[in-house]
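Topology and contacts: notes
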Amino acid sequence: MKSTAEFAKVETIISGDLSDSFPSGDEDNTFTGNVNNEINGNWISAPTGSIHEARLKAKVKRRLRKNSSKDSGRGDSLSDNGDVVRSVVPPTSPKGKLLNRRSKMGKGRGLPKKGGAGGKGVWGSPGEVYGEDEVDVKDPNYDAEQENCVYETVVLPLDDETFEKTVTPIVQEYFEHGDANEVAELLAELNLGSMRGDVPMLAVSLALEAKASHRELTSRLLSELCGCVLTADDVEASFHKLLKELPDLVLDTPGAPQMLGQFIARAVADNILPKSFIDGYKGRVDCEYARAALDRAAVLLRMSRWTGLRIDSLWGSGGGQRPVNQLIKEVNLLLKEFLLSGDTVEAERCLRELEVPHFHHEFVYEAVIMVLESKGDRTLQMILQLLKSLCASTVITVDQLRRGFERVYLDMADLSIDVPCAYSLLEQFVEQSFNAGVIDKKLRDLCPCR
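Only a predicted model underlies this, so the values are computations on that prediction, with no experimental measurement involved.

1. Some remarks on helix α6 (residues 180-188)
For α6, the set of buried residues is Ala180, Val183, Ala184 and Leu187. Along α6, the residues classed as buried sweep out an arc of 100° about the axis, all on the same side. Away from its buried face, by an angle of more than 90 degrees, α6 presents the exposed residues Asn181 and Glu185. In this structure, the buried side of α6 is in contact with α5 (160-177), α7 (199-208) and α8 (212-225). By the N-cap criterion, in which a side-chain oxygen at the helix start approaches the backbone nitrogen of a residue two or three places on, α6 is capped by Asp179, the distance to Asn181 being 3.2 Å.

2. Section: the packing of α8 against helix α11 (residues 256-269)
In contact at an axis separation of 10 Å, α8 and α11 are set at 35° when each is read in the N-to-C sense. Regarding α8 and α11, the two cross each other, and that crossing is right-handed. Residues Arg215, Glu216, Thr218, Ser219 and Arg220 of α8 pack against Met259, Phe263 and Arg266 of α11.

3. Some thoughts on the pattern of salt bridges
Applying the stated criterion across every chain yields a total of 13 salt bridges. Between Glu161 and Lys165 there is a salt bridge whose closest N-O contact spans 3.2 Å. In this pair, Glu161 and Lys165 are both assigned in helix α5, four residues apart and thus about one turn of the helix distant. Overall, the relative accessible area of 54% leaves Glu161 in the exposed class. With a closest N to O distance of 3.1 Å, Lys441 and Asp445 form a salt bridge. Taken together, the residues span about one helical turn, with Lys441 and Asp445 both in helix α21 (residues 441-445) at a distance of four residues. Each of the salt bridges in this network shares a partner with another, and the network as a whole consists of Glu216, Arg220, Arg266 and Asp270.

4. Remarks on the confidence of the model for the protein chain
On average, the protein chain scores 78 in pLDDT, and the residues at 70 or more come to 74%. By mean pLDDT, the top-scoring element of the protein chain is helix α18 (residues 398-410) (93), and the lowest-scoring one is helix α2 (residues 27-30) (42). Here residues 1-46 scores under 50 on pLDDT; set against residues more than four positions off or in separate chains, the count is 52 contacts.

5. Remarks on the side chain of Ser416
Structurally, Ser416 is set in helix α19 (residues 412-418). Given the relative accessible area of 17%, Ser416 is considered buried.

6. Side note on the layout of surface pockets
Approximately 460 Å³ is the volume attributed to the largest pocket. For the lining of the largest pocket, the element with the highest residue contribution is helix α13 (residues 288-306), accounting for nine residues. Grouping the constituent residues of the lining of the largest pocket by class yields ten nonpolar, three polar and seven charged.

7. Some remarks on the packing of aromatic side chains
Counted under the stated rule, the structure contains five aromatic pairs. Between Tyr174 and Phe175, the aromatic rings sit 6.3 Å apart at their centres with planes inclined by 50°, giving tilted as the arrangement. For the pair Tyr174 and Phe175, a shared accessibility class is recorded, and that class is buried. Seen in terms of ring centroids, Phe239 and Phe277 are 6.5 Å apart; in terms of plane orientation they differ by 70°. Their pairing is edge-to-face. Linking Phe239 in helix α9 (residues 232-244) with Phe277 in helix α12 (residues 276-279), this pair joins segments that are 38 residues apart in sequence. Owing to a relative accessible area of 1%, Phe239 belongs among the buried residues under this scheme. Classification of Phe277 by relative accessible area gives buried; the value is 3%.

8. Considering the nonpolar core
Among the nonpolar cores identified, the biggest contains 56 residues, and Phe239, Leu243, Leu260 and Ile264 are the most heavily contacted of them. When neighbours within four sequence positions are excluded, Ile264 is seen to be in contact with Phe239, Leu243, Leu273, Phe277, Ile278, Leu294 and Ala297. The next biggest cluster of nonpolar side chains, apart from the first, holds 47 residues, and it includes Ile369, Phe405, Val430 and Cys447.

9. Quick notes on the environment of Asp233
Looking at where Asp233 falls in the secondary structure, it is placed in helix α9. Judged by relative accessible area, which is 58%, Asp233 ranks as exposed. Considered as a pair, Asp233 and Gly197 are 36 residues apart in the sequence and their alpha carbons are 8.0 Å apart.

10. Focus on a negative patch on the surface
Residues Glu173, Glu176, Asp179, Glu182, Glu185 and Glu189 make up a contiguous surface patch of negative charge. Elements that contribute at least two residues to the negative patch include exactly α5 and α6. On the secondary structure map, Asp179 appears in the loop between α5 and α6. Relative accessible area serves as the criterion here: at 33%, Asp179 is assigned to the partly exposed category.

11. Things to note about α9
An α-helix turns once every 3.6 residues. As a result, residues three or four positions apart point the same way. Taking 1.5 Å per residue, 13 residues should reach 18 Å; α9 reaches 19 Å between its end C-alpha atoms and fits that length. Those residues of α9 not exposed but buried are Asp234, Val235, Ser238, Phe239, Leu242 and Leu243. Buried residues belonging to α9 abut α7, α8, α10 (246-252), α11, α12 and α13.

Cut-offs used in this document
- Residues numbered from 1 in each chain as written.
- Predicted model: local features only at pLDDT ≥ 70, side-chain atom pairs only at ≥ 80, totals over all residues.
- Heavy atoms only, no water.
- Buried < 20%, exposed > 50% of the residue type's maximum accessible area, 1.4 Å probe, protein only.
- Helix = DSSP H or I, 4+ residues; strand = E, 2+ residues; numbered from the N terminus.
- Arc of directions from axis to C-beta.
- Contact = heavy atoms within 4.5 Å.
- Polar contact = N/O pair within 3.5 Å; in protein donor to acceptor, adjacent residues only side chain to side chain.
- Axes fitted to C-alpha atoms, helices over the stretch in contact; angles between N-to-C directions.
- Left-handed = near helix turned anticlockwise from the far one by under 90°.
- Salt bridge = Lys/Arg side-chain N within 4 Å of Asp/Glu carboxyl O.
- pLDDT = per-residue confidence, 0-100.
- 1 Å grid on protein atoms, 1.4 Å probe; cavity = no way out; pocket = protein on both sides within 12 Å on 5 of 7 lines; lining within 4 Å.
- Points joined across faces, edges and corners; volume = space filled by probe spheres on them.
- Nonpolar A, V, L, I, M, F, W, Y, C, P; charged D, E, K, R; others polar.
- Phe/Tyr/Trp six-rings, centres within 6.5 Å; stacked < 30°, edge-to-face > 60°.
- Core = buried A, V, L, I, M, F, W, Y, C linked by side-chain atoms within 4.5 Å.
- Patch = residues over 30% accessible without salt bridge, like charges linked within 9 Å, V, L, I, M, F, W, Y side chains within 5 Å.
- Areas by Shrake-Rupley, 256 points an atom, 1.4 Å probe, with all protein chains shown as cover.
- Lys, Arg positive; Asp, Glu negative; His and termini not counted.
- Charge placed at Lys NZ, Arg CZ, Asp CG, Glu CD.
- Expected span 1.5 Å × (residues − 1).

Shown next as structure tokens:
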């Protein structure tokens, strides 16, 4: 039999080994049987009660290690009975001190600093209005001469290269929206300086290469800018420069002399050019192009006085700006002239000059109606040839062609009242159009019959 001292030594060894050797959660499965310990080479059996107490102490120690990061500085300890004793010692962990938001001075009532208006990224309490800072006369950087200074934004004057790059997009955008007031506002923001007189020159040069509707917009723009942005002297100086540069303009636009003459006549009619502008060049013009432009302007002004020619409608109005009734009349006139002359190229040119690609379905509609009302094979063949040519050159799109035929299909009930044989004529024309490749099979099948 072993002595009592040897059993106590066994208990001490077991309690030390268990606290460091066994992981969490394995102690219940490990100590399911008898635990044997070796002392001086002899194997003995340890008492069950002392092993159970060692297991409880090891479990409590592990729990304290897990909570050490959360409860560091709390001063917890373990009693002899295995109970956790909480100390009232103040926190000693540096992390605990950082997380403590209470004042270290022992002052204050625990309210937020500056009433909630302080801290990073805060501009003050809601509703707070900051007044102007008063200038400190004792400030070392104080300068008495800066008290009455007025600071303004300085816009540098444009040079030749910058002027063209800046004003050209403004004029080109004006050709799209047609708002002269917006152009005036944009030009007023620029410091044109000595380049102010080149604005009409640049606008007319761009209009010479554009459409007739754009030239009409340019004439209106010059009339609107004169007085608010430009002066009469600026406009007159621009036309002087244009007459001198006509030989270069003719290289890109062969019809530049006649167009410039119309611009001059329109400017005189709008009272932005003096009537003595043309008379001042009599007998002093050596360039044939300038002479042609001045002669064209003089003839137009003379016709306006004697025959009542309206100079303000010299260029005509743009396609989208004309009334629908006027467009229908011009389409009918175009078709009648084509039936008389048979010139497909001229008819295509006139249709392009109308500048109404969204209204080409009306051209197709009127052409088919003319075939139904003519009751002759000649008109049918000529209209078929014209539509085939226009579709091949993509002047008339497939969508506009379809819309024109569908409009005829819908109006056949009313057309048959005036033309009793309208259905048979329409079937004949639709069939020949399909054979010529003008329309597709789907559009042919939609053709109504009596």
